[in-house]
Amino acid sequence: MAELNLNRVEMPRQDPKKRGKNFNEVALGYSLEQAKEEASRCIQCKKRNCVAGCPVEVDIPDFIQAIREGNMPEAVRILKSKNALPGICGRVCPQETQCESTCTLAKKGAPIAIGRLERFVADWERGNMPAQSTPPRPKASGKPSGRKVAVVGSGPAGLTAAADLARLGHGVTIFEALHVAGGVLMYGIPEFRLPKEIVQAEVDFVASLGVKIELDSVVGKLATLDEILASGYDAVFLGTGAGLPMFLNIEGENLNGIYSANEFLTRVNLMKAYKFPEYDTPVKIGKRVGVIGGGNVAMDSARCALRLGADDVYIIYRRSEVELPARREEVENAREEGIQFKLLANPKRFLGNEQNWVTGAECYKMELGEPDDSGRRRPVVKKGSEFVIDLDEVIVALGTRPNPLISSTTVGLETTKYGTVVADGETGKTVKDKVWAGGDIVTGSATVISAMGAGKRAAKSIDEYLRG
Amino acid sequence: MYKILEREDLVPGIHLFKIEAPAVAQKARAGQFVVVRIDEKGERIPLTIADWDKNEGTVTIVFMEVGATTARLALLKEGDAIADFVGPLGVPAEIDKYGTVVCVAGGVGTAVVAPIARALKEAGNKIFTILGTRSKDLLFWEDVLSGVSDRMIVTTDDGSYGRKGVVTEPLKELLGSGEKIDRVVAIGPVVMMKFCSLTTAPSGVKTVVSLNPIMVDGTGMCGCCRVSVGGETKFACVDGPDFDGHKVDWDLLAARQRIYLDEEKCAYDEWQKSHS
């Protein structure tokens, strides 16, 4: 065996000082040379553990081999035959816990940078293969089936299911409530981590496969799920995500200046409030901003607040550093940019002034007790430890739940006490006839790629049903 | 795109658009609203549905010019189109046979009350309507409301038409007149709805109000429109917009409506500069 090369090629990033003041992408991507060098480290294992670690089963060693050989169109073809959204996945997938964690070289501490290579291929295609040229389609497994499938929601689960179903020959229409397609990829994840131009390009790719996208269509209000089925659709995939923000339900939470992360990020990302007043939607710009929570959404919110001009931005999290649910990379990015971490702290109440504006958070100091159901050590209040953090803006990033708009207007859909829809773990089939579901609406808030995996599996199951 | 088929300037600063939106028209019910976005750079604003026609496939909205977005909207003409028209959103108004219902309409809220009063009339209720504006030149749809009302009282703050004074005075008189009032529907500016609710509170007559906090998506996603009702936080977009006026925290609602005063002024100034 050739000698192993354990030097991962680093990806250039914007300087932390500069990037804290702009919304341009933080990571800059590989050059062709860098990509080839990284690709050349792949040892092309017989047993493809990396593929098994990918929820959408991308033929990882094959596209890496194509990069190594400099055959970029082939790399594009291989990647997009399994993954309709590679530019997105290459940026926001937690590869370190998926394909890269199962890479043979991971044992040596230097897995192939699969995510960066995936991103490179997607970006190369956008730059080098004009959109009007025929998209690299996989062999369609069938002629037009004459069957119609409705996909509700155009986030990662819906887009993936729609793309696969269209490739399998079915007529697909996506119903999207917002004025653009992409779901959380558009309203949630900020421009500097996932440029909207890239999301739009990948949405356009899905549309190019023959998928119709109906915007401004709030299923449950405009038409119910049952009415959609009655109007001539043979199956429905529900991929409406988890869009309902959770609050702490403590004193002062309705003070002015306290946002849900969903609202804050929607204003900034979807409505482009960072360009106010050129764009009409405003967002408040605090001097001292507290973000409650420690996940990726909390990091995104904190880093947006910083870019909007806040002097001090705090992550206020009730557990310690090691339990932060955000990707390590995002925590490091945030810290580099100057986000301050107030760990083992949890708000007791928010303080406000006479004009109903928030002035601070009274927090408890916390300590870690025995592990709870999640396996993480339970945070316990230290009695008498209250302290005040002065703040003029708060962003609550505690997670989200599924929106009940559809489940509450549909007969025969089973939901859990968390509002998630009950669906088969493998196929996504719900207890309701002709209805499948996948992504955050089933699992509660999770990752882009797990939603895509669910969309893919459901598409396979729907195809079997339609052809059965 | 959603085309403006008809435009009518009801009074200075309040306009009516009839919009081509067949799918929304099929589903619209009294008390619901739409979210409108004028174009690529526009914000999403909630506007109440004033009327609809299933056969024609149209939905009518009435709006008041209060800031940059509504001022921009007011520049559009028949034949123009708006980028987004999302709905029907919110829970429809409760319509049942209650007996005698007093409908109180204030300002642009008149357009919100109209379809509710009509539906209540069709359900067999006796309708007393109190319509209040600042002055005669801001009065509209007196005829529309008269058409569905058994009794009609118009008030103006300055006495230029109808009775001089505010709507709570005739409301109080009706409650004390010996006539059995089974329900009150009050829709208009926050301060009007607040004082109508305070007026009816001693008698305990159920008073329904329609809240209009700031919204973004209008589908329960952002929580911007949260209001406190009976001590519980509710989202006006999906739990409302109608709530029990006796339970609403009015001061909180009024405070939350002021969140973007500075930005609204900035946007309006910018807009005026570019259009002067």
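Residues numbered from 1 in each chain as written. Chains lettered and ligands numbered in written order. Predicted model: local features only at pLDDT ≥ 70, side-chain atom pairs only at ≥ 80, totals over all residues. Heavy atoms only, no water.

### A short note on the overall build of chain B
Along its length, chain B carries 9 helices and 16 strands. Taking 19 Å as the expected radius of gyration for a compact globule of 276 residues, we find that chain B reaches 18 Å, a close match to that expectation. For the C-alpha atoms alone, the extent of chain B along its principal axes is close to 55 × 40 × 35 Å. Out of the 276 residues belonging to chain B, those deemed buried represent 57%. Put simply, 65% of the contacts in chain B that link residues at least 6 apart link residues at least 24 apart. Summed over its atoms, the accessible surface of chain B is roughly 11,200 Å², and 50% of this surface lies on carbon and sulfur atoms. Counting 32 positive and 39 negative side-chain charges, chain B places the centres of these two groups 3 Å from one another. (Helix = DSSP H or I, 4+ residues; strand = E, 2+ residues; numbered from the N terminus. Rg over C-alpha atoms; globule rule 2.2 N^0.38 Å. Buried < 20%, exposed > 50% of the residue type's maximum accessible area, 1.4 Å probe, protein only. Contact = heavy atoms within 4.5 Å. Areas by Shrake-Rupley, 256 points an atom, 1.4 Å probe, with all protein chains shown as cover. Lys, Arg positive; Asp, Glu negative; His and termini not counted. Charge placed at Lys NZ, Arg CZ, Asp CG, Glu CD.)

### Side note on the side chain of Gln32 of chain B
Inspection of the secondary structure assignment puts Gln32 of chain B in the loop between helix H1 (22-27) and strand E3 (33-37). A relative accessible area of 4% places Gln32 of chain B in the buried class. For Gln32 of chain B, the side chain forms a polar contact with the main-chain oxygen of Gly90 of chain B, separated by 2.9 Å. Leaving out residues up to four positions away in the same chain, Gln32 of chain B has contacts with Lys221 of chain A together with Lys27, Thr48, Ile49, Pro88, Leu89, Gly90, Val91 and Pro92 of chain B. (Polar contact = N/O pair within 3.5 Å; in protein donor to acceptor, adjacent residues only side chain to side chain.)

### Things to note about helix H5 (residues 72-82) of chain A
Those residues of H5 of chain A lying buried are Met72, Ala75, Val76, Ile78, Leu79, Lys80 and Ser81 of chain A. Where H5 of chain A is buried, its residues meet helix H2 (32-39), helix H4 (60-68), helix H6 (86-92), helix H8 (114-128), helix H9 (156-167) and helix H11 (196-208) of chain A.

### Some remarks on the sheet that holds E3 of chain B
All names here are of chain B. Strand order in the open sheet formed by 7 strands is E6-E1-E2-E5-E4-E3-E7, and the pairing between neighbours is antiparallel. The sheet is open, and its two edges are formed by strand E6 (81-82) and strand E7 (84-89), each paired on a single side. Both strand E2 (residues 14-20) and strand E5 (residues 58-64) contribute to a ladder of 7 bridges, which runs antiparallel. The residue bridging Glu20 from the neighbouring strand is Thr58, located in E5. Contacting strand E4 (45-53) and E5, helix H3 (residues 110-122) runs over the sheet at an angle of about 40° to E4. (Pairing = 2+ DSSP bridges. Axes fitted to C-alpha atoms, helices over the stretch in contact; angles between N-to-C directions.)

### Comments concerning the pairing of strand E2 (residues 171-175) of chain A
All names here are of chain A. Burial within E2 is extensive, with 4 of its 5 residues counted as buried. As paired strands, strand E1 (residues 148-152) and E2 are joined by 5 bridges and run parallel to one another. Following the sheet pairing, Val149 is matched in E2 by Val172. Viewed along the sheet, the connection from E1 through H9 into E2 turns out right-handed. (Right-handed = clockwise from strand over helix to strand, strands pointing away.)

### Regarding the interface of chain B and chain A
Taken together, the 45 residues of chain B in the interface contact 40 residues of chain A. Across the chain B-chain A interface, the total number found is 4 salt bridges. Note that Arg72 of chain B and Asp280 of chain A form a salt bridge whose closest N and O atoms lie 2.6 Å from each other. For the side of chain B that touches chain A, the secondary structure elements donating two or more residues are H1, helix H2 (68-73), E7, strand E15 (232-235), helix H8 (250-256) and helix H9 (261-274) of chain B. Counting residues per element, the side of chain B that touches chain A draws most heavily on E7 of chain B, which supplies 6 residues. Here the side of chain B that touches chain A is built from residues that sort into 22 nonpolar, 9 polar and 14 charged. (Salt bridge = Lys/Arg side-chain N within 4 Å of Asp/Glu carboxyl O. Nonpolar A, V, L, I, M, F, W, Y, C, P; charged D, E, K, R; others polar.)

### Thoughts on the nonpolar core
Judged by nonpolar contacts, the single largest core of 79 residues is most densely connected at Ile60, Phe63, Ile64, Ile67 and Leu117 of chain A. At 8 residues, helix H17 (residues 448-467) of chain A tops the list of elements feeding residues into this core. Setting aside chain neighbours within four positions, we find Ile64 of chain A in contact with Ala39, Cys42, Ile112, Ile114 and Leu117 of chain A. With 54 residues, the next largest nonpolar core counts Tyr2, Ala21, Val24 and Leu73 of chain B among its residues. (Core = buried A, V, L, I, M, F, W, Y, C linked by side-chain atoms within 4.5 Å.)

### Overview of the packing of aromatic side chains
Residues and elements named next belong to chain A. Applying the stated criterion to the full structure yields 10 aromatic pairs over all chains. When the ring of Trp436 is compared with that of Tyr465, the centres are 5.3 Å apart and the planes differ by 55°; the resulting orientation is tilted. Taken together, the positions of Trp436 in strand E16 (residues 435-437) and Tyr465 in helix H17 put the pair 29 residues apart, joining distant regions of the chain. On the basis of relative accessibility, which here comes to 2%, the residue Trp436 falls in the buried class. The class for Tyr465 is partly exposed, based on a relative accessible area of 36%. (Phe/Tyr/Trp six-rings, centres within 6.5 Å; stacked < 30°, edge-to-face > 60°.)

### Quick word on the state of the cysteines
If you walk through the whole model with that rule in mind, you get 0 disulfides over all chains. Between Cys45 of chain A, a free cysteine, and Cys42 of chain A, which holds the nearest cysteine sulfur, the sulfur-to-sulfur gap is 6.5 Å. You can see Cys222 of chain B has no disulfide; the closest cysteine sulfur is in Cys224 of chain B, sitting 4.9 Å from it. Note on Cys222 of chain B: relative accessible area 4%, which makes it buried. (Disulfide = S-S within 2.5 Å.)

### Remarks on the environment of Glu78 of chain B
Residue and element names in this part refer to chain B. Residue position: Glu78 is located in the loop between H2 and E6. Taking C-alpha positions, Glu78 is 36 Å from Ala255, a pair spaced 177 residues apart along the chain. Here Glu78 is in contact with Ile4, Leu5, Glu6 and Arg7, once residues within four sequence places are set aside. A distance of 3.1 Å separates the side chain of Glu78 from the backbone nitrogen of Arg7, its partner in a polar contact.

### Describing unusual backbone geometry
Residue and element names in this part refer to chain A. Between Phe276 and Pro277 the backbone carries a cis peptide bond, its omega angle lying at 5°. With respect to the secondary-structure elements, Pro277 resides in the loop between helix H13 (261-270) and strand E7 (288-292). Although it is not a glycine, Asp216 sits at a positive phi angle of roughly 55°. Looking at the secondary structure, you find Asp216 in the loop between strand E3 (212-214) and helix H12 (225-230). Relative accessible area serves as the criterion here: at 4%, Asp216 is assigned to the buried category. Its identity as a non-glycine residue notwithstanding, Leu344 has a phi of 50°, on the positive side. The topology assignment puts Leu344 in the loop between strand E9 (340-343) and strand E10 (345-352).

### Considerations on the sheet that holds E7 of chain A
Residue and element names in this part refer to chain A. Strand order in the open sheet formed by 5 strands is E6-E14-E7-E8-E9, and the pairing between neighbours is parallel. This sheet does not close on itself; its edge strands, each paired only once, are strand E6 (258-260) and E9. Along the sheet, successive strands turn relative to each other by an average axial angle of 20°, direction set aside. Running at roughly 85° to E6, H13 makes contact with E6 and strand E14 (393-396) of the sheet.

### Structural notes on the confidence of the model for chain B
Confidence in the prediction of chain B, expressed as mean pLDDT, is 95, and 100% of residues score 70 or more. If you check the scores for this complex, the pTM reads 0.93 and the ipTM reads 0.94. (pLDDT = per-residue confidence, 0-100.)

### What to know about helix H15 (residues 328-337) of chain A
Residue and element names in this part refer to chain A. Among the residues of H15, Glu330, Val331, Asn333, Ala334 and Glu337 are the ones counted as buried. Seen end-on, H15 carries its buried residues on one side only, within an arc spanning 160°. Contacts from the buried residues of H15 go to helix H1 (16-19), helix H14 (296-308) and E9. (Arc of directions from axis to C-beta.)

### A look at the packing of H4 of chain A against H8 of chain A
Residue and element names in this part refer to chain A. Put simply, H4 and H8 touch, their axes get as near as 11 Å, and they point 60° apart. Relative to H8, the element H4 lies oblique. For the pair H4 and H8, the sense of crossing is left-handed. Counted together, Ile60, Phe63, Ile64 and Ile67 of H4 and Ile114, Leu117, Glu118 and Val121 of H8 form the full contact between these two elements. Partitioned by chemical class, the residues of the contact of H4 with H8 number 7 nonpolar, no polar and 1 charged. (Parallel < 35°, antiparallel > 145°, perpendicular 65-115°, else oblique. Left-handed = near helix turned anticlockwise from the far one by under 90°.)

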